[in-house]
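# Structural overview for review
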Amino acid sequence: MSLPLRHVLRLCVIALDLSTPVLAASTGAWSSRSVYQTMTDRFARTDGSTTHPCNTTDGLYCGGTWRGMINHLDYIEGMGFDAVMISPIVKNIEGRVSYGEAYHGYWPQDLYALNPRFGTQQDLLDLSQALHDRGMYLMMDTVINNMAYFTNGTDPSSSSSIDYAIFNPFNDPKYFHPYCQITDYNNYPLAQSCWTGDDIVALPDLKTEDPTVQAMLSHWVQEIMTNYSIDGLRLDAAKHVTPDFLPQFQKAALDSFVTGEVFDQSVDTICSYQNDLTSVPNYPIYYALLDAFTKGNTSTLPNRVEIMKHTCPNVTTLTSFSENHDVARFASLEPDINLAKNLLTFTLLSDGIPMIYQGQEQHLSGPYDPLNREALWLTTYNTTSPLYTHISTLNALRKHASQVDPNYLSTQTYPIYTGSSEMGFRKGREGRQVVMVLSTQGSASGAYTIRMTNGYEPSFVVMDVFTCRNYTVNDMGELRLDMDGGEPRVLYPPKQHIVAALNNA
Ligand SMILES: *[C@@H]1O[C@H](CO)[C@@H](O)[C@H](O)[C@H]1NC(C)=O
Ligand SMILES: *[C@@H]1O[C@H](CO)[C@@H](O)[C@H](O)[C@H]1NC(C)=O
Ligand SMILES: *[C@@H]1O[C@H](CO)[C@@H](O)[C@H](O)[C@H]1NC(C)=O
Ligand SMILES: *[C@@H]1O[C@H](CO)[C@@H](O)[C@H](O)[C@H]1NC(C)=O
Ligand SMILES: *[C@@H]1O[C@H](CO)[C@@H](O)[C@H](O)[C@H]1NC(C)=O
Ligand SMILES: *[C@@H]1O[C@H](CO)[C@@H](O)[C@H](O)[C@H]1NC(C)=O
Ligand SMILES: *[C@@H]1O[C@H](CO)[C@@H](O)[C@H](O)[C@H]1NC(C)=O
């Protein structure tokens, strides 16, 4: 697979070997991947138009397709991503309610038919093939907690309000929990046995504890992944699925990588889910990132990094994110571009499998669902925008560091410096470590120097991969690092030093 040379050259590290064979889609194989999360309806249109309007407020289909995506894979690969997540692919309910249509894919009706709005079976097969031809993985977003039905104002508790016969294969009430409302989303048993949704779009809740339902879902996932050569899954609303079923479901999903959405900032909750699924999106770190880069708090993030490491079975297989389709775009909370660079630096270089949501690279600023689901084509897919090039540098460095040291990605990040507005983190073993120094000051910040005394041996030389500037650690083991404009720094040994370290190993 090839990255556009332009971006590789931006990285001062010399002679990157970026060829990566497709192995298998186990968690181990996924751990070196970097995922770009798309929303199919909002990523690219078949006609390639970049002016076609998309009204995010009214929540209607805007016309993105699998075919359109095939035509824009260069854009994704150009940032150094080697996996793409797509919206749920199955047929959703058709029709419009006050808050829109099923453009997001989370309102399933027929698990054995594709969503015709996104294209044909051949289009999806071609997308899968096009990704694999580039050595990239295909991740499918997946809904197994519920089906969907437009009650459009009718109370879903009345037994006649849902026509179960429209669902495939769950065409009978016997597959579902009787209606009950989730009155407290922090009550997990209640959240697992009652219904999400509301009285406009009811989401009849599958009995995922029932062996018949389990067998049907297992059979389905195995088939659909095989049919379209899908390499891994995001599992939507995993919090609402019977936890006992999760390991069984992952096994049925060809034992591939599954990251299951548990929308909760509790470290204990998130880490305990790792006993059922190998991965969950890292919400505790997400909230700590907001503390750092919207409030300037430099203690929450380093502390949480340490707590997670000691609580989770394996932080390096969690998914690391700072935006997704359910949360406010960072730019809506904090518009400063350099704070966005710091945020992305941590997201891509800390522990875990990074997952970057489409549009983050264009600094989009939708403040909440549905406004955070902007049509990407309206940005004209600008490959020279500041965050696009920032991401490509970080992905290239992450890949390079993991090729220089095969254990790089499974070593854990730890904090090495905390200032009143800086946070330093190190990952990787001595001589080949990546050190990031993040600033919470923003672009208005002036130039100043910090003194780091942790992390390096005397006379060691490191290069900041953004400025290509070299720094030599002094005899006292102190690194005097120049900060400016609130820009992040990412330090890595220049090539000679890596070679020397390898020779000595
Ligand atoms: C975490 O998972 C990765 C990927 O499967 C593996 O290489 C590593 O050894 C695991 N680490 C621990 C501490 O189990
Ligand atoms: C989007 O749709 C909403 C609701 O239909 C409407 O009120 C609004 O004016 C539309 N916005 C644009 C920019 O067309
Ligand atoms: C829901 O009700 C509204 C208002 O009566 C109507 O316009 C719309 O078509 C209905 N949608 C469905 C899916 O029945
Ligand atoms: C997978 O493909 C087979 C053969 O075409 C088909 O019978 C089956 O319904 C498909 N399964 C799914 C889940 O799409
Ligand atoms: C930072 O957040 C922590 C909680 O994580 C809090 O205890 C501390 O007071 C905050 N520090 C500042 C300077 O606000
Ligand atoms: C792309 O982004 C760059 C950097 O922000 C800007 O200079 C350029 O005008 C943009 N190109 C287009 C076509 O908008
Ligand atoms: C930093 O050091 C490397 C390796 O010695 C060298 O190739 C590079 O040119 C240096 N960078 C600058 C800006 O001098």
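Rules of the game
- Residues numbered from 1 in each chain as written.
- Chains lettered and ligands numbered in written order.
- Predicted model: local features only at pLDDT ≥ 70, side-chain atom pairs only at ≥ 80, totals over all residues.
- Heavy atoms only, no water.
- UniProt positions renumbered as here; feature names shortened; annotations may be inferred.
- Helix = DSSP H or I, 4+ residues; strand = E, 2+ residues; numbered from the N terminus.
- Rg over C-alpha atoms; globule rule 2.2 N^0.38 Å.
- Buried < 20%, exposed > 50% of the residue type's maximum accessible area, 1.4 Å probe, protein only.
- Contact = heavy atoms within 4.5 Å.
- Areas by Shrake-Rupley, 256 points an atom, 1.4 Å probe, with all protein chains shown as cover.
- Lys, Arg positive; Asp, Glu negative; His and termini not counted.
- Charge placed at Lys NZ, Arg CZ, Asp CG, Glu CD.
- Core = buried A, V, L, I, M, F, W, Y, C linked by side-chain atoms within 4.5 Å.
- Domains from an automatic or database assignment.
- Near = heavy atom within 4 Å.
- Polar contact = N/O pair within 3.5 Å; in protein donor to acceptor, adjacent residues only side chain to side chain.
- Nonpolar A, V, L, I, M, F, W, Y, C, P; charged D, E, K, R; others polar.
- Salt bridge = Lys/Arg side-chain N within 4 Å of Asp/Glu carboxyl O.
- Pairing = 2+ DSSP bridges.
- Right-handed = clockwise from strand over helix to strand, strands pointing away.
- Axes fitted to C-alpha atoms, helices over the stretch in contact; angles between N-to-C directions.
- Phe/Tyr/Trp six-rings, centres within 6.5 Å; stacked < 30°, edge-to-face > 60°.

As annotated in an unreviewed UniProt entry, the protein is Alpha-amylase from Aspergillus heteromorphus CBS 117.55. Under the heading Catalytic activity (unreviewed entry), UniProt records this for the protein: "Endohydrolysis of (1->4)-alpha-D-glucosidic linkages in polysaccharides containing three or more (1->4)-alpha-linked D-glucose units." Recorded under Sequence similarities (unreviewed entry), the UniProt text for the protein is reproduced unchanged: "Belongs to the glycosyl hydrolase 13 family."

### What about the overall build of the protein?
If you tally the helices and strands in the protein, you get 16 helices and 20 strands. Here the C-alpha atoms of the protein give a radius of gyration of 23 Å, agreeing with the 23 Å that 2.2 N^0.38 yields for 505 residues. Projecting the C-alpha coordinates of the protein onto the three principal axes gives extents of approximately 80 × 45 × 40 Å. The buried share of the protein, taken over its 505 residues, is 63%. Across the protein, the fraction of contacts at a sequence separation of at least 24, relative to all contacts at a separation of at least 6, is 72%. Of the roughly 18,000 Å² that the protein leaves accessible, carbon and sulfur atoms contribute 50%. Mean positive and mean negative side-chain charge positions of the protein (32 and 52 charges, respectively) differ by 7 Å.

### Let's talk about the nonpolar core
Counting 129 residues, the largest nonpolar core has Ile89, Trp107 and Phe170 as its most contacted members. Among the elements that make up this core, the one with the highest residue count is helix 11 (residues 283-295) (eight residues). For this core, the two domains that each supply at least three residues are domain 1 (146-206) and domain 2 (414-504). For tryptophan 107, the residues in contact, after removing those within four places along its chain, are Lys91, Asn92, Ile93, Val97, Tyr99, Gly100, Glu101, Ala102, Ala148, Phe150, Val201 and Leu203. Membership of the second largest hydrophobic core comes to 15 residues, among which are Ile416, Val437, Val462 and Leu479.

### Things to note about the site of ligand 6
As a structural note, the neighbourhood of ligand 6 is formed by Asn382, Thr384, Ser385 and Pro386. The separation between an oxygen atom of ligand 6 and a polar side-chain atom of asparagine 382 is 2.4 Å. Protein chains shield 33% of the accessible area of ligand 6, which is 360 Å² for the free molecule. Counted by class, the shell around ligand 6 contains one nonpolar, three polar and no charged residues.

### Some thoughts on the side chain of glutamine 214
For glutamine 214, the location among the structural elements is in helix 8 (residues 211-227). The exposure class of glutamine 214 is buried, given its relative accessible area of 11%. Beyond its immediate chain neighbours, meaning those up to four positions away, glutamine 214 contacts Thr208, Glu209, Phe245 and Gln248.

### Side note on the site of ligand 4
Residues in close proximity to ligand 4 include Tyr112, Trp220, Glu223, Ile224 and Asn227, which together make up its full environment. Contacts to ligand 4 include glutamate 223, whose side-chain N or O atom sits 2.6 Å from a nitrogen atom. Asparagine 227 places a side-chain nitrogen or oxygen 2.3 Å from an oxygen atom of ligand 4. Against a free-state accessible area of 360 Å², the protein chains account for coverage of 53% of ligand 4. Looking at side-chain class alone, the shell around ligand 4 contains three nonpolar, one polar and one charged residues.

### Brief notes about the pattern of salt bridges
As enumerated under the stated definition, the model contains 26 salt bridges in all. For arginine 329, the salt bridge goes to glutamate 374, with nearest N and O atoms at 2.9 Å. One end of the pair, arginine 329, is in the loop between strand 11 (319-320) and helix 13 (330-333); the other, glutamate 374, is in the loop between strand 12 (353-357) and helix 15 (386-404), with 45 residues separating them in the sequence. On the basis of relative accessible area, arginine 329 is assigned to the buried category, the value being 1%.

### Describing the pairing of strand 10 (residues 257-260)
For a regular strand, the rule is simple: side chains alternate between the two faces of the sheet. Side chains Phe257 and Thr259 project from strand 10 onto one buried face, and the interleaved Val258 and Gly260 project onto a second face that is buried too. Of the strand pairs in this sheet, strand 9 (residues 232-235) and strand 10 are connected by four bridges, and their pairing is parallel. The residue of strand 10 that forms the bridge with leucine 235 is glycine 260. A crossover connection joins strand 9 to the parallel strand 10 through helix 9 (residues 245-252); in handedness this β-α-β unit is right-handed.

### Brief notes about the sheet that holds strand 20 (residues 489-492)
Overall, antiparallel pairing links the six strands, which are arranged 13-14-15-20-17-18 in an open sheet. The sheet is open, and its two edges are formed by strand 13 (414-418) and strand 18 (469-472), each paired on a single side. Averaged over all adjacent pairs, the angle separating strand axes in this sheet is 25°, with direction ignored. In this sheet, strand 14 (residues 422-427) lies alongside strand 13 in antiparallel orientation, the contact comprising four bridges. Directly across from proline 415, in strand 14, lies its bridge partner phenylalanine 425. Running at roughly 150° to strand 15 (residues 434-439), helix 14 (residues 337-349) makes contact with strand 14, strand 15 and strand 20 of the sheet. Strands strand 15 and strand 20 of the sheet are contacted by helix 15, whose axis makes an angle of about 25° with strand 20.

### Points about the packing of aromatic side chains
Considering all chains together, one arrives at 28 aromatic pairs under this definition. Look at tyrosine 283 and phenylalanine 321: their rings are 4.8 Å apart centre to centre, the planes differ by 70°, and that puts the pair in the edge-to-face class. On the criterion of sequence distance, the pair formed by tyrosine 283 in helix 11 and phenylalanine 321 in the loop between strand 11 and helix 13 is long-range, its members being 38 residues apart. Across this residue pair, the class does not change: tyrosine 283 and phenylalanine 321 are buried.

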